[in-house]
Amino acid sequence: MSIRYEKGINQKNALLLCEWSNKKGKEFQEQWMGPKISYPLNYDTIKELENVFSIFNENKFIGMIQKVRIDKDNIHIGRFVLNPRKTGLGLGTAALNEFVDSIFENGNIKSITLTVFNYNQNAKKLYEKLGFKIDEVIESPKLKYIMKKRR
């Protein structure tokens with residue numbers, strides 16, 4: 001399994017992302033984009049995002065992840081999504097693990113946080129498997145967790 005990242009996302013891959021997300025529906029989009037991004041997803045929305053990384057496996061585009069917020073010693077990641085046809089193959093685990101490792105290569109970063117909705121148990125299990133722990137519980141408007149992994 002050969003996972004690699006590329007900063008940014010080209011239009012062709014962004015449109016694929018929109019297709020995957022829109023086919024899965026509004027609730028799916030909210031799970032990975034958050035509630036502030038309107039449905040259906042479109043190219044203009046994706047091109048406005050900063051610190052986005054395209055994910056490739058064997059040189060095929062399979063998804064995206066974003067460094068949503070960069071604080072002095074913490075990076076909040078999110079908007080992590082894979083091609084729905086590629087889930088369940090271990091690619092998500094490998095991709096996220098490599099991304100987290102690359103962030104920790106910067107000696108100034110002491111922790112990584114992310115947000116996950118309670119109803120997205122598959123994602124929550126993946127994050128726990130990679131060492132993230134619940135750091136904060138937010139109950140409104142929908143139950144979600146801020147999970148943190150320390151160096």
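A few points on the structure.

Reading guide: rules and limits
Residues numbered from 1 in each chain as written. Predicted model: local features only at pLDDT ≥ 70, side-chain atom pairs only at ≥ 80, totals over all residues. Heavy atoms only, no water. Pairing = 2+ DSSP bridges. Helix = DSSP H or I, 4+ residues; strand = E, 2+ residues; numbered from the N terminus. Axes fitted to C-alpha atoms, helices over the stretch in contact; angles between N-to-C directions. Contact = heavy atoms within 4.5 Å. Phe/Tyr/Trp six-rings, centres within 6.5 Å; stacked < 30°, edge-to-face > 60°. Buried < 20%, exposed > 50% of the residue type's maximum accessible area, 1.4 Å probe, protein only. Lys NZ or Arg CZ within 6 Å of the ring centre and 35° of its normal. Core = buried A, V, L, I, M, F, W, Y, C linked by side-chain atoms within 4.5 Å. Polar contact = N/O pair within 3.5 Å; in protein donor to acceptor, adjacent residues only side chain to side chain.

**Remarks on the sheet that holds strand β6 (residues 133–138)**
Line of reasoning, step 1. Pairing is mixed across the open sheet formed by seven strands, whose spatial order is β1-β2-β3-β4-β5-β7-β6. The open sheet has two free edges, formed respectively by β1 (3–7) and β6, since each of these has just one partner strand. Between one strand axis and the next, the sheet turns by 30° as a mean value, whatever way the strands run.
Line of reasoning, step 2. Here strand β5 (residues 111–117) pairs with strand β7 (residues 144–150) via seven bridges, running antiparallel. The partner of Phe117 across the bridge, within β7, is Lys144.
Line of reasoning, step 3. Packed on one face of the sheet, helix α1 (residues 11–24) meets β2 (52–57), β3 (60–70) and β4 (74–82) and runs near 90° to β3.

**Describing the packing of aromatic side chains**
Line of reasoning, step 1. Applying the stated criterion across every chain yields a total of six aromatic pairs.
Line of reasoning, step 2. Here Tyr5 and Phe99 contribute two aromatic rings whose centre-to-centre distance is 5.0 Å and whose plane-to-plane angle is 45°, an arrangement assigned as tilted. Of this pair, Tyr5 sits in strand β1 while Phe99 sits in helix α4 (residues 91–104), and the two are 94 residues apart along the sequence.
Line of reasoning, step 3. The exposure class of Tyr5 is partly exposed, given its relative accessible area of 22%.
Line of reasoning, step 4. Here Phe99 falls in the buried class, since its relative accessible area comes to 2%.
Line of reasoning, step 5. Plain terms: the ring middles of Tyr127 and Phe132 are 6.2 Å apart, the flat faces sit at 65° to each other, and that makes the pair edge-to-face.
Line of reasoning, step 6. Here Tyr127 falls in the buried class, since its relative accessible area comes to 9%.
Line of reasoning, step 7. Put simply, the rings of Tyr5, Phe53 and Phe99 pair up and form one aromatic cluster.
Line of reasoning, step 8. Its guanidinium or amino end placed over the ring of Phe56, Arg4 lies 4.3 Å from that ring's centre, counting from NZ or CZ.

**Some words on the nonpolar core**
Line of reasoning, step 1. Core analysis: the biggest nonpolar cluster contains 28 residues, and Ile55, Ile65, Ile77, Phe80, Leu96, Tyr127 and Phe132 have the highest contact counts within it.
Line of reasoning, step 2. Counting residues per element, the ones that place at least two in this core are β2, β3, β4, α4, β5, α5 (121–129) and β7.
Line of reasoning, step 3. For this core, the element with the highest residue contribution is α4, accounting for eight residues.
Line of reasoning, step 4. Sequence-distant contacts of Phe132, that is, excluding residues within four places in its chain, are made with Val100, Ile112, Leu114, Tyr127, Met147, Lys148 and Lys149.

**Describing the side chain of Gln29**
Line of reasoning, step 1. Relative to the elements of secondary structure, Gln29 occurs in helix α2 (residues 26–33).
Line of reasoning, step 2. Engagement of the side chain of Gln29 in a polar contact is seen with the backbone oxygen of Ser38, the distance being 3.0 Å.
Line of reasoning, step 3. Contact partners of Gln29, with chain neighbours within four places excluded, come to Ser21, Asn22, Gly34, Ile37, Ser38, Tyr39, Pro40 and Leu41.

**What to know about unusual backbone geometry**
Line of reasoning, step 1. In this structure, Pro40 follows Tyr39 across a cis peptide bond, with omega equal to 0°.
Line of reasoning, step 2. Along the chain, the position of Pro40 falls in the loop between α2 and α3 (43–47).
Line of reasoning, step 3. The omega angle of the peptide bond from Ser140 to Pro141 is 0°, so this bond is cis rather than trans.
Line of reasoning, step 4. Here Pro141 is to be found in the loop between β6 and β7.
Line of reasoning, step 5. With a phi close to 55°, Asn51 is a non-glycine residue in the positive phi region.
Line of reasoning, step 6. Relative to the helices and strands, Asn51 resides in the loop between α3 and β2.

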